[in-house]
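# Architecture at a glance
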There are 2 protein chains.
Amino acid sequence: MFKFRVLATALALASSVSAAWAFEALPTEAPAPADNPTTEAKVELGKMLYHDPRLSSTGTVACASCHNTMLGGEDNRPNSMGVNGQTGGRSAPTVWNAAFNKVQFWDGRAESLEAQAAGPVTNPIEMGMKSWDDVVARLKTIDGYQEAFAAAFPGGEISKDTATKAIAAYERTLITPNSAYDKYANGDQSALTEQQVRGLNKAAELGCTSCHSGPAFNGGGSFQKFPLHENGYFEAQYHFMKDKGVAEVSKNPADEHLFKVPTLRNVALTAPYFHNGSVKTLDQAVKLMAKLQLDKDLPKQDVDDIVAFLNALTGEFPKQTMPRLPGTPDKTFNYD
Amino acid sequence: MFKFRVLATALALASSVSAAWAFEALPTEAPAPADNPTTEAKVELGKMLYHDPRLSSTGTVACASCHNTMLGGEDNRPNSMGVNGQTGGRSAPTVWNAAFNKVQFWDGRAESLEAQAAGPVTNPIEMGMKSWDDVVARLKTIDGYQEAFAAAFPGGEISKDTATKAIAAYERTLITPNSAYDKYANGDQSALTEQQVRGLNKAAELGCTSCHSGPAFNGGGSFQKFPLHENGYFEAQYHFMKDKGVAEVSKNPADEHLFKVPTLRNVALTAPYFHNGSVKTLDQAVKLMAKLQLDKDLPKQDVDDIVAFLNALTGEFPKQTMPRLPGTPDKTFNYD
């Protein structure tokens, strides 16, 4: 990973980046766990499963429905819509670069992409399957999946374990390198505008990047309290406090309002914002973060500069071929 | 189009194809109307629009949701599920080879792919947009669409007319050539099994192919009464008679129970069957068609042979790249 203190390159610019800033370009490959090495066959299978609506009770909702890789890796809705038009209370996080989150879900309750992939399939308001046994039984009746699992796993077992491993392997390929920021980090001084450099400096100076740190601007796997400052300014309007974050899972009062720090990569493409998707625009999100996390009222110029910088975090989306979902000749599932 | 009477080649087979049968391989290109020539830029734009859920009121339903090209061109549900989990009374027809239907929809109310594409977007139980003006207004705010329309159309106008033309142009590329049947039609005598040849002969002899005629086995643009024989055998069970077909649109009693003849291409992949999706398997569909259209009780062997033949109509699905759907930086639509 390319990483350097910025002194040498950026001081030449009209607006230089603070010496305190450590550049880290986004890695182009994501590390895989020892028990799930990334292979081409597994990625292909995972891509099929990820896009297959037959993994839902109604046959209408795939992983890709709410985490749409043709878009910014989510659905641009405040809350996603699962089977039978149901909605939940949280906004779908992007799947792009999710491989660089050490934990998954807003409350971090999944410690890996594999564990995350298991969740929505049997969530009654998301993909609505009664059990993974039902998913596996369905997949086993599809000849093309038997072949694809056999190609991806020794023994070719079709199970919750292999299916979620394949989906995770595919998700590890969903990386968006070469953003303007990355090009700048790799030495191309023309890649960022002056305003974007000002925005980056301001974000670092304010402390935004203390939490949104590292190459994915997601603090690795850290949790932070949100809102941190209960200054009441936006609370009533946006109802941020309703969702107790990590505490909803742990039932530990000390975890109240703790949330996983989301990546800022491609953040310009993933409106609306925050765990409940209640904030429609990036400038509003930046203002709110300054107020609620730093107890500061940011002047418009600073907001604009930071938004300009955040736009520099939009990466290059790799070309993908559509998976061919194996047919079910002469078969109709009992969809809800 | 390759077309020949079968005498010379097929007589050598143990089970030869009837001399009355005229082979017609599926064309590999679909004719475009004079006012909408197929161009690469238009197809690319159409593919984007076809896969973009932002063309629906909730931001969750794209054309591809119910007419899924990764599957058999539809959703394998009895009735599709539109916005907010709503379902209608008819089963989604496949988009694959729809270019070879002279009319579209089960009741044939659209005379072109262009006209068809306009329908579901503003249907309240399908994509739920209030008007095409709303769709156009939304598309106009997306920079990437402004560019894509400019590349596809002189002047680059974003309108219902150009959007539906682009979608139709993309749909004209959705052709599945080289089925076993096509290979046989093109002279490869080993492409069909003996059973499939028997099934084809039986289908022709019974008269199935009188209506399911032509290279797409869809009777060109013909309408037929279904059920034709009101022998009551399956009527009560499947409620076929509730839907009055063309008469639902025309209000003319003479059109009652008239339906567009659906293509048999890839029929093995598009269960469940019939306009209301009430029949789960292909053998049941074949038995029902014989009973209701020909007033015949088919022996099991004939049903099996015809099903084997129908499986020979599954074609090759062209590889597709996923469209990159243009982002909406800093923008949130007011989704339902």
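Residues numbered from 1 in each chain as written. Chains lettered and ligands numbered in written order. Predicted model: local features only at pLDDT ≥ 70, side-chain atom pairs only at ≥ 80, totals over all residues. Heavy atoms only, no water.

- As annotated in an unreviewed UniProt entry, chain A is Methylamine utilization protein MauG from Methylomicrobium album BG8.
- Its UniProt record gives chain A a comment under Subcellular location (unreviewed entry), which states: "Periplasm".
- On record in UniProt, under Pathway (unreviewed entry), the comment for chain A is "One-carbon metabolism; methylamine degradation." (UniProt positions renumbered as here; feature names shortened; annotations may be inferred.)

## As for the packing of helix 9 (residues 194–206) of chain B against helix 14 (residues 300–311) of chain B
Residues and elements named next belong to chain B.
- Contact geometry of helix 9 with helix 14 gives a least axis separation of 7 Å together with a crossing angle of 105°. Taken together, the axes of helix 9 and helix 14 are roughly perpendicular relative to one another. Each of Gln 195, Gln 196, Arg 198, Gly 199, Leu 200, Lys 202, Ala 203 and Leu 206 in helix 9 lies in contact with helix 14, whose residues at this interface are Gln 301, Asp 302, Asp 304, Asp 305, Ile 306, Ala 308, Phe 309 and Asn 311. (Axes fitted to C-alpha atoms, helices over the stretch in contact; angles between N-to-C directions. Helix = DSSP H or I, 4+ residues; strand = E, 2+ residues; numbered from the N terminus. Parallel < 35°, antiparallel > 145°, perpendicular 65-115°, else oblique. Contact = heavy atoms within 4.5 Å.)

## Some words on the packing of aromatic side chains
All names here are of chain A.
- Considering all chains together, one arrives at 24 aromatic pairs over all chains under this definition.
- Here Tyr 145 and Phe 149 contribute two aromatic rings whose centre-to-centre distance is 6.3 Å and whose plane-to-plane angle is 65°, an arrangement assigned as edge-to-face. Here Tyr 145 and its partner Phe 149 are both found in helix 6 (residues 143–152), four residues apart, which amounts to about one turn of the helix. Taken as a pair, Tyr 145 and Phe 149 share a single burial class, namely buried.
- Measuring from ring centre to ring centre gives 5.1 Å for Phe 226 and Phe 274, while their planes differ by 10°; the resulting arrangement is stacked. Remark: Phe 274 occurs in the loop between strand 4 (258–260) and helix 13 (282–294) and Phe 226 occurs in the loop between strand 3 (223–225) and helix 11 (235–238); sequence separation between them is 48 residues.
- A cation over a ring is seen here: Arg 138 above Phe 333, with NZ or CZ 5.1 Å from the ring centre. (Phe/Tyr/Trp six-rings, centres within 6.5 Å; stacked < 30°, edge-to-face > 60°. Buried < 20%, exposed > 50% of the residue type's maximum accessible area, 1.4 Å probe, protein only. Lys NZ or Arg CZ within 6 Å of the ring centre and 35° of its normal.)

## Brief notes about the domain arrangement of chain A
Residues and elements named next belong to chain A.
- When the domains of chain A are assigned, the result is domain 1 (3–28 + 177–311) and domain 2 (40–171).
- Averaged C-alpha coordinates put domain 1 and domain 2 at centres separated by 28 Å.
- Facing the 26 residues of domain 1 at the interface are 22 residues of domain 2.
- Of the roughly 1,900 Å² buried at the junction of domain 1 and domain 2 (both faces included), carbon and sulfur atoms supply 57%.
- Along the contact surface separating domain 1 from domain 2 lie one salt bridge.
- The interface formed by domain 1 and domain 2 includes seven residue pairs in polar contact (both at pLDDT 80 or more).
- Mapped onto the side of domain 1 that touches domain 2, the elements with two or more residues apiece are helix 12 (246–250) and strand 4. (Domains from an automatic or database assignment. Buried area = accessible area lost by both parts, 1.4 Å probe. Salt bridge = Lys/Arg side-chain N within 4 Å of Asp/Glu carboxyl O. Polar contact = N/O pair within 3.5 Å; in protein donor to acceptor, adjacent residues only side chain to side chain.)

## Some thoughts on the side chain of Gln 116 of chain B
- Inspection of the secondary structure assignment puts Gln 116 of chain B in helix 4 (residues 113–121).
- The residues contacting Gln 116 of chain B, other than those within four sequence positions of it, are Gln 104, Phe 105, Ala 110 and Glu 171 of chain B.

## Concerning the relation of the copies chain B and chain A
- Of the transformation placing chain B onto chain A, the axial shift is 0.0 Å and the rotation is 180°, giving an RMSD of 0.0 Å. These values place the two chain copies in the arrangement generated by a two-fold rotation axis.
- Comparing interface residues between copies, 100% of those in chain B also lie at the interface in chain A; the contact surface is shared. (Least-squares fit on C-alpha atoms with pLDDT ≥ 70 in both.)

## A closer look at empty space enclosed by the protein
- By the definition in use, this model includes one cavity of 30 Å³ or more.
- The calculated volume of the largest cavity comes to roughly 640 Å³.
- Along its surface, the largest cavity is lined by 36 residues, and Thr 60, Ala 62 and Ser 65 of chain A together with Thr 60 and Ser 65 of chain B are the ones closest to its centre.
- If you list the elements that add at least two residues to the lining of the largest cavity, you get helix 3 (63–66) of chain A together with helix 3 (63–66) of chain B.
- Taken together, the residues that form the lining of the largest cavity break down as 16 nonpolar, 16 polar and four charged. (1 Å grid on protein atoms, 1.4 Å probe; cavity = no way out; pocket = protein on both sides within 12 Å on 5 of 7 lines; lining within 4 Å. Points joined across faces, edges and corners; volume = space filled by probe spheres on them. Nonpolar A, V, L, I, M, F, W, Y, C, P; charged D, E, K, R; others polar.)

## Focus: the packing of helix 2 (residues 40–50) of chain B against helix 7 (residues 160–171) of chain B
All names here are of chain B.
- It is the contact of helix 2 with helix 7, at a shortest axis distance of 7 Å, that shows an interaxial angle of 100°. Here helix 2 is positioned roughly perpendicular relative to helix 7, judged by the angle of their axes. Contacts between helix 2 and helix 7 involve Lys 42, Val 43, Leu 45, Gly 46, Lys 47, Leu 49 and Tyr 50 from the first element and Ala 163, Lys 165, Ala 166, Ile 167, Ala 169, Tyr 170 and Glu 171 from the second.

## Focus on helix 2 (residues 40–50) of chain A
Residue and element names in this part refer to chain A.
- Here helix 2 lies mainly inside the structure; eight of its eleven residues are buried.
- For helix 2, the complete set of buried residues consists of Lys 42, Val 43, Leu 45, Gly 46, Lys 47, Met 48, Leu 49 and Tyr 50.
- Of the surrounding elements, those touching the buried residues of helix 2 are helix 3, helix 5 (132–140), helix 6 and helix 7 (160–171).

## Topic: the nonpolar core
- Counting 84 residues, the largest nonpolar core has Leu 49 of chain A together with Leu 49 of chain B as the members making the most contacts within it.
- Setting aside residues up to four positions removed in sequence, Leu 49 of chain A forms contacts with Leu 55, Leu 139, Tyr 145, Phe 149, Ala 163, Ala 166 and Ile 167 of chain A. (Core = buried A, V, L, I, M, F, W, Y, C linked by side-chain atoms within 4.5 Å.)

## Observations concerning the interface of chain B and chain A
- Each partner contributes to the interface: chain B provides 45 residues, whereas chain A provides 45 residues.
- Contact with chain A buries area across many residues of chain B, yet Met 70, Met 322 and Arg 324 of chain B alone supply 21% of it, more than any other trio.
- If you look at where chain B meets chain A, you find zero salt bridges.
- Along the contact surface separating chain B from chain A lie 18 residue pairs in polar contact (both at pLDDT 80 or more).

## What to know about the environment of Pro 177 of chain A
All names here are of chain A.
- Structurally, the position occupied by Pro 177 is in the loop between helix 7 and helix 8 (180–185).
- The sequence separation of Pro 177 and Thr 28 amounts to 149 residues, and the corresponding C-alpha distance is 6.1 Å.
- Residues in contact with Pro 177, not counting those within four places in the same chain, are Leu 26, Thr 28, Asp 182, Gly 315 and Glu 316.

## A look at helix 4 (residues 113–121) of chain A
Residue and element names in this part refer to chain A.
- With seven of nine residues buried, helix 4 lies mostly within the body of the structure.
- When we look at burial in helix 4, the residues that qualify are Leu 113, Glu 114, Gln 116, Ala 117, Ala 118, Pro 120 and Val 121.
- Considering only its buried residues, helix 4 is in contact with helix 5 and helix 7.

## Overview of the state of the cysteines
- Inspection of the entire model under this criterion finds zero disulfides over all chains.
- A disulfide-free cysteine, Cys 208 of chain A has its sulfur positioned 9.0 Å from the sulfur of Cys 211 of chain A, the nearest such atom. (Disulfide = S-S within 2.5 Å.)

## Comments concerning the pattern of salt bridges
All names here are of chain B.
- This model, assessed by the stated rule, comprises 28 salt bridges over all chains.
- Close ionic contact of Glu 205 with Lys 202 constitutes a salt bridge, the shortest N to O distance being 3.3 Å. With a gap of three residues between them, Glu 205 and Lys 202 both fall in helix 9, about one helical turn apart.
- Residue class for Glu 205 comes out exposed when judged on its relative accessible area of 59%.
- Of the charged contacts in the structure, one is a salt bridge between Lys 300 and Asp 304, with a shortest N-O distance of 2.7 Å. Placement of both Lys 300 and Asp 304 in helix 14 is noted, with a separation of four residues, approximately one turn of the helix.
- Classification of Asp 304 by relative accessible area gives partly exposed; the value is 26%.

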